[in-house]
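# Observations on the three-dimensional arrangement
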Amino acid sequence: VGEAGQEEPQWRCEACRALHALYEDRKLDMLKWPELRHLAELLLPLAAALGWHNHMDHYMRDWGTLDPLEPIAGSDWNNAAVHVDPPPVPDMHRVLLGVLQGREPLGEATATVVGIEAVSSSRVDNSVQQKAEAAECVQWSIWLLQFYRRLRAGGAGAGSMQATAEALTALMVECGFGLEELDRVPCGVALPLREALAMCRAAPPSGWPPAAFTLVGREDLAAAAAAAEDAEAPRGQADDEEHQETGRGSPP
């Protein structure tokens, strides 16, 4: 719904862009694939009403059997076509490939992930988790764009590749992105991430949290790290209790 005073063509464009961002995000999570066709069936007539033929072509290439002239039930868009110069069609698969190849189409990434410019700016706390929460509806796009950028940031040498893989693992843990989430990513998109995790499996850094060891397939080290954390917890708890008892002082 457009804001008060906002011109109707503008909020219609923004509505289409927001829904398209959701559409592209759902491609990155296989559990959400059943929603894709429903979104395409909604977006195709909306794009037709705006005269966005490049977007129409995008949805029809994805599905082939959609009817662009099918009306939108209960909508006045059917009788009020507003032709607006079409923006480029954001495509998250193309964006991620561009990141790995060192030619990230920044404008397209911004258009794909609605609000990513604000999410990445100083207006939002720099913590990865808060960035994801700021754009929860396109969270998978946010995550994978960050992961691919981290992969690209590494150098070509073996040492640099190992450091990049370890940095990626740490970032995934910080995001709360584990094996369960990785299994939901399409195979082709997940492959560079899985290769990086495999690089860390033989000799992961000491001091990692259990979740990081689990992510790289070292359940043995994860169990040892968890046991070490459990062993430290009672000692810290006892220190806290002793401090509280000392603070109370002697009764009058």
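Conventions we followed
Each chain has its residues counted from 1, running along the sequence as written. Since the coordinates come from a predicted model, pLDDT governs what is reported: local features require at least 70, and pairs of side-chain atoms require 80 or more to be given and counted, while whole-chain, interface and lining totals use all residues. The basis for every side-chain value is the complete set of heavy atoms in the structure, and neither hydrogens nor water enter the calculation. Secondary structure elements follow DSSP: runs of H or I no shorter than four residues count as helices, runs of E no shorter than two count as strands, and numbering proceeds from the N terminus. Burial status follows relative accessibility: with a 1.4 Å probe on protein chains alone, a residue under 20% of its type maximum counts as buried, one over 50% as exposed, and anything between as partly exposed. Should any heavy atoms of two residues lie within 4.5 Å, those residues are considered in contact. Only the protein chains shown count as cover for residues, and the accessible areas themselves come from Shrake-Rupley with a 1.4 Å probe. Known as pLDDT, the predictor's per-residue confidence is scaled from 0 to 100. Polar contact is defined as a pair of N or O atoms within 3.5 Å, subject to the rule that within protein one atom must be able to donate a hydrogen and the other to accept it, and that residues adjacent in sequence are counted only when both atoms are side-chain atoms. Remark: nonpolar core denotes a set of buried residues (Ala, Val, Leu, Ile, Met, Phe, Trp, Tyr, Cys) joined through side-chain atoms within 4.5 Å.

### Regarding the overall build of the protein chain
For the protein chain, the count of helices and strands is 13 helices and zero strands. Shown N-terminal to C-terminal, the secondary structure of the protein chain runs as helices and strands in the order α-α-α-α-α-α-α-α-α-α-α-α-α. Across the 252 residues in the protein chain, those meeting the buried criterion constitute 38%. Counting contacts in the protein chain only where the partners sit at least 6 residues apart, residues at least 24 apart contribute 64% of the total. Summed over its atoms, the accessible surface of the protein chain is roughly 14000 Å², and 54% of this surface lies on carbon and sulfur atoms.

### Re the environment of glutamate 166
Among the structural elements, glutamate 166 can be located in helix α9 (residues 158-174). Judged by its relative accessible area of 24%, glutamate 166 is partly exposed. Counting along the chain gives 42 residues from glutamate 166 to tryptophan 208, while the straight-line C-alpha distance between them is 9.9 Å. In this structure, glutamate 166 is in contact with Cys200, Pro205 and Trp208, ignoring residues within four places of it in sequence.

### Topic: the confidence of the model for the protein chain
A residue-level look at the protein chain finds 67% of positions with pLDDT of 70 or above and a mean pLDDT of 78. Across residues 1-6, confidence stays below pLDDT 50; counting only partners more than four residues off in sequence or on other chains, it has three contacts. In this model, residues 114-126 is a region of pLDDT below 50 whose contacts with residues beyond four sequence positions or in other chains number 22 contacts.

### Remarks on the side chain of histidine 55
One can find histidine 55 in helix α3 (residues 53-63). Residue classification places histidine 55 among the buried residues on the basis of a relative accessible area of 4%. Setting aside residues no more than four positions away along its own chain, histidine 55 makes contact with His20, Ala47, Pro87, Pro88, Val89 and Pro90.

### Considering the environment of arginine 103
For arginine 103, the position within the fold is in the loop between α4 (92-100) and α5 (106-112). Take arginine 103: its relative accessible area is 49%, and that puts it in the partly exposed class. Beyond its immediate chain neighbours, meaning those up to four positions away, arginine 103 contacts Leu97 and Gly98. A polar contact is formed between the side chain of arginine 103 and the side chain of glutamine 101, at a distance of 2.3 Å.

### So, the nonpolar core
Grouped together as the largest cluster of nonpolar side chains are 33 residues, with contacts concentrated most on Leu96, Leu144, Phe147, Met172, Phe177 and Leu193. At the level of secondary structure, the elements contributing two or more residues to this core comprise α4, α8 (139-153), α9, α11 (187-199), α12 (210-215) and α13 (219-248). Setting aside chain neighbours within four positions, we find leucine 96 in contact with Leu28, Leu144, Leu145, Tyr148 and Val189. Formed by 15 residues, the second largest nonpolar core is a distinct cluster that contains Cys16, Ala40, Met56 and Tyr59.

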